[in-house]
Amino acid sequence: MNILITGGAGFIGSNHVRLLLSESGDRVVNLDLLTYAGNLENLAGLEDDPRYRFVRGDIGDRDLVRQILKDENIDAIVHFAAESHVDRSLEGPEVFVRTNILGTEILLEEARRAEVDRFVMVSTDEVYGSLGDHGMFTEKTPLAPNSPYAASKASADLMCRSFYKTFGFPVIITRCSNNYGPFQFPEKLIPLMIANALEEKQLPVYGDGMNVRDWLFVGDHCRAVDLVMRKGRPGDVYNIGGCNEMKNLELVQLLVDKLGKSRDLISFVTDRPGHDLRYAIDAEKIMTELGWAPTVDFSSGLDQTVSWYLENRQWWEKIRTGEYKSYYDKMYGRGGRLGSSGKGKP
Ligand code: NAD
Ligand code: DAU
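Rules behind the numbers
Residues numbered from 1 in each chain as written. Chains lettered and ligands numbered in written order. Predicted model: local features only at pLDDT ≥ 70, side-chain atom pairs only at ≥ 80, totals over all residues. Heavy atoms only, no water. Near = heavy atom within 4 Å. Polar contact = N/O pair within 3.5 Å; in protein donor to acceptor, adjacent residues only side chain to side chain. Areas by Shrake-Rupley, 256 points an atom, 1.4 Å probe, with all protein chains shown as cover. Helix = DSSP H or I, 4+ residues; strand = E, 2+ residues; numbered from the N terminus. Phe/Tyr/Trp six-rings, centres within 6.5 Å; stacked < 30°, edge-to-face > 60°. Buried < 20%, exposed > 50% of the residue type's maximum accessible area, 1.4 Å probe, protein only. pLDDT = per-residue confidence, 0-100. Contact = heavy atoms within 4.5 Å. Pairing = 2+ DSSP bridges. Axes fitted to C-alpha atoms, helices over the stretch in contact; angles between N-to-C directions. Expected span 1.5 Å × (residues − 1). Bend = angle between axes of the 7 residues up to and from the residue. Core = buried A, V, L, I, M, F, W, Y, C linked by side-chain atoms within 4.5 Å. Salt bridge = Lys/Arg side-chain N within 4 Å of Asp/Glu carboxyl O. Lys, Arg positive; Asp, Glu negative; His and termini not counted.

Caption draft 1: The site of ligand 2, seen in detail. Ligand 2 sits among 25 residues. The nearest are D125, Y149, R272, H275 and Y332. P204 is positioned with one of its backbone polar atoms (N or O) 2.7 Å from a nitrogen atom of ligand 2. R213 places a polar side-chain atom, nitrogen or oxygen, 2.8 Å from an oxygen atom of ligand 2. Across the complex, the protein chains shield 94% of the 690 Å² of accessible surface that ligand 2 would expose by itself. Among the elements of the structure, α6 (189–198) and β8 (203–206) are those that each provide at least two residues to the shell around ligand 2.

Structure (structure tokens):
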């Protein structure tokens, strides 16, 4: 099979490219714009693989997409490319609309034109909004996105739905909870906290740290997406989750303890506006219909992740001293929206 991966130089996309090349006989074409989040170092060692081709480009570049689909005789698309960080979407939503909505729409149009057999839209549980203390998101939960990021993903999902309903184009949507693991960009909670702790910097917990996320090891997510691509039902939505809820503060404390650092590094900062309280995924459908289950428990997943960041210090140090540094200073520095509100409980 010839598979087009979009966003394959990012966190989940690069893990997915590696999975496909190591465990399937498929050919993989990776279309990625290499934004701040895209990093070819995530794919180091694959350059000479004859089953792999990298194309630097925008999913919104219609001519380029058309050319790739034709030249490579693409059978399936797995669409990861996106602006993915909620906090950035609060600072500048426009690029989220351009990439996540318009980019997806162009990809859909071209894929339909080229009669691609499968289109997997990698979406997120954030499209469902926020949960209170009880309940879980199912595939039937109404969409209620709260951040510009979530709204852009929900819009893309609806566009996908319309292509299935109107044109019978075989789109499948996956909605996943928070991923963690190797190659995650250090703006996201877990790698940010590991890197800061290793550098003895403050650990900025938003609000009171009581928000809950449902953590899933990236490799398990990739296996689920691959299964959906091969066996999922066109037009359907599949939730993917780790069955692993944790409060942010508890998670940060766990990381600090694993790293042997002091909990005094934890610093409560101004909360994220519109901060969703809790996510929890009901993944019953993919488990019973497709036979998927997470294989990595949180404790060993977190150990693997911590080890990876310890062993790959250069990878994240390079990012943190480069272009990303100005974002960090702007957001978390003195006068920034997330500037420290002081140590200890707020
Ligand atoms: P990421 O930010 O690490 O990577 C995104 C990749 O997309 C980067 O390589 C970037 O260069 C590329 N990209 C951005 N704009 C592009 C464009 N216009 N054209 C081509 N490439 C472009 O993101 P991630 O965390 O790996 O997330 C991947 C996908 O999974 C996203 O669609 C995200 O919404 C979804 N998702 C992520 C999580 C999570 O916890 N990280 C959970 C659920 C769903
Ligand atoms: O749920 C799936 C989503 O998970 C994906 O769709 C997104 O692409 C991905 O970025 C992630 O979104 P979150 O906003 O949940 O992830 P983030 O790592 O930014 O934050 C996780 C939690 O930690 C959230 O409650 C905010 C909090 N947080 C985050 C950062 C960066 C902090 O307390 N401090 C921080 O510095």
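The structure having been displayed, the exposition proceeds.
Caption draft 2: Structural context of the packing of aromatic side chains. Evaluated as defined, the whole model comprises 15 aromatic pairs. Both rings, one in F183 and one in W315, keep their centres 6.1 Å apart while their planes meet at 80 degrees; by these two values the pair is edge-to-face. Residue F183 is located in the loop between β7 (178–180) and α6, and its partner W315 is located in helix α11 (residues 313–321); the two are separated by 132 residues in the primary sequence. Judged by its relative accessible area of 12%, F183 falls in the buried class.

Caption draft 3: Representation of the confidence of the model for the chain. Looking at the chain, pLDDT values average 95 and 98% of them are 70 or higher. For residues 342–346, every residue scores under 50 in pLDDT, and the model assigns this stretch 15 contacts once sequence neighbours within four places are set aside.

Caption draft 4: Region of the structure containing the sheet that holds strand β1 (residues 2–6). As summarised here, the arrangement of the seven strands in space is β3-β2-β1-β4-β5-β6-β10, forming an open sheet in which the pairing is parallel. Looking at the sheet topology across the chains shown, the edges are occupied by β3 (52–56) and β10 (237–240). Across the sheet, the mean angle from the axis of one strand to that of its neighbour is 20 degrees, orientation sign disregarded. Relative to strand β6 (residues 171–176), strand β5 (residues 118–124) is paired through six bridges, and the arrangement is parallel. Across the sheet, the residue bridging to F119 is V171, located in β6. The strands touched by helix α2 (residues 62–71) within the sheet are β1, β2 (27–32), β3 and β4 (76–79), with β2 carrying the most contacts at an inclination of about 175 degrees.

Caption draft 5: The arrangement of helix α4 (residues 94–113) in detail. For α4, which comprises 20 residues, the first-to-last C-alpha distance of 27 Å matches the rise-based estimate of 28 Å (1.5 Å per residue) to within 8%. The principal kink in α4, of about 30 degrees, is found at G103. Taken together, the buried positions of α4 are occupied by F96, T99, N100, G103, T104, E105, I106, L107, L108, E110 and A111. Downstream of α4 by a residue or two, E115 has a phi angle that is positive, lying close to 55 degrees.

Caption draft 6: How the structure looks around the site of ligand 1. Close to ligand 1 lie 28 residues, the nearest being I12, D32, S84, Y149 and K153. The separation between an oxygen atom of ligand 1 and a polar main-chain atom of I12 is 2.8 Å. N179 is positioned such that a nitrogen or oxygen atom in its backbone is 2.8 Å from an oxygen atom of ligand 1. Out of a free accessible area of 840 Å², ligand 1 has 97% covered by protein chains.

Caption draft 7: Spatial organisation of the nonpolar core. If you look at the biggest cluster of nonpolar residues, it comprises 108 residues, and the most contacted ones within it are V78, F119 and I286. With residues near it in sequence (within four places) discarded, V78 still touches I3, L4, I5, T6, H16, V120, V122, V225 and M229.

Caption draft 8: Structural context of the pattern of salt bridges. Applying the stated criterion across every chain, the model contains 25 salt bridges. E289 serves as the salt-bridge partner of R233, at 3.0 Å between the closest nitrogen and oxygen. Of this pair, R233 sits in the loop between α7 (218–231) and β10 while E289 sits in helix α9 (residues 284–290), placing them 56 residues apart in sequence. Residue classification places R233 among the partly exposed positions, given a relative accessible area of 43%. With relative accessibility at 42%, the residue E289 sits in the partly exposed group. With a closest N to O distance of 2.7 Å, R278 and E245 form a salt bridge. Residue R278 is found in the loop between β12 (266–269) and α9, and its partner E245 is found in strand β11 (residues 245–247); the two are separated by 33 residues along the sequence. Looking at R278, the relative accessible area reads 7%, which means it is buried. Classification of E245 by relative accessible area gives partly exposed; the value is 36%.

Caption draft 9: Structural view of the side chain of K153. Secondary-structure assignment places K153 in helix α5 (residues 148–167). No salt bridge is formed by the buried K153; the nearest opposite charge belongs to D157, separated by 6.1 Å. Excluding anything up to four places from it in sequence, K153 contacts A82, N100, M121, V122, S123, T124 and V127.

Caption draft 10: Highlighting unusual backbone geometry. Its identity is not glycine, yet L34 carries a phi of approximately 55 degrees, on the positive side. In this fold, L34 is placed in the loop between β2 and β3. Its identity is not glycine, yet F183 carries a phi of approximately 75 degrees, on the positive side.

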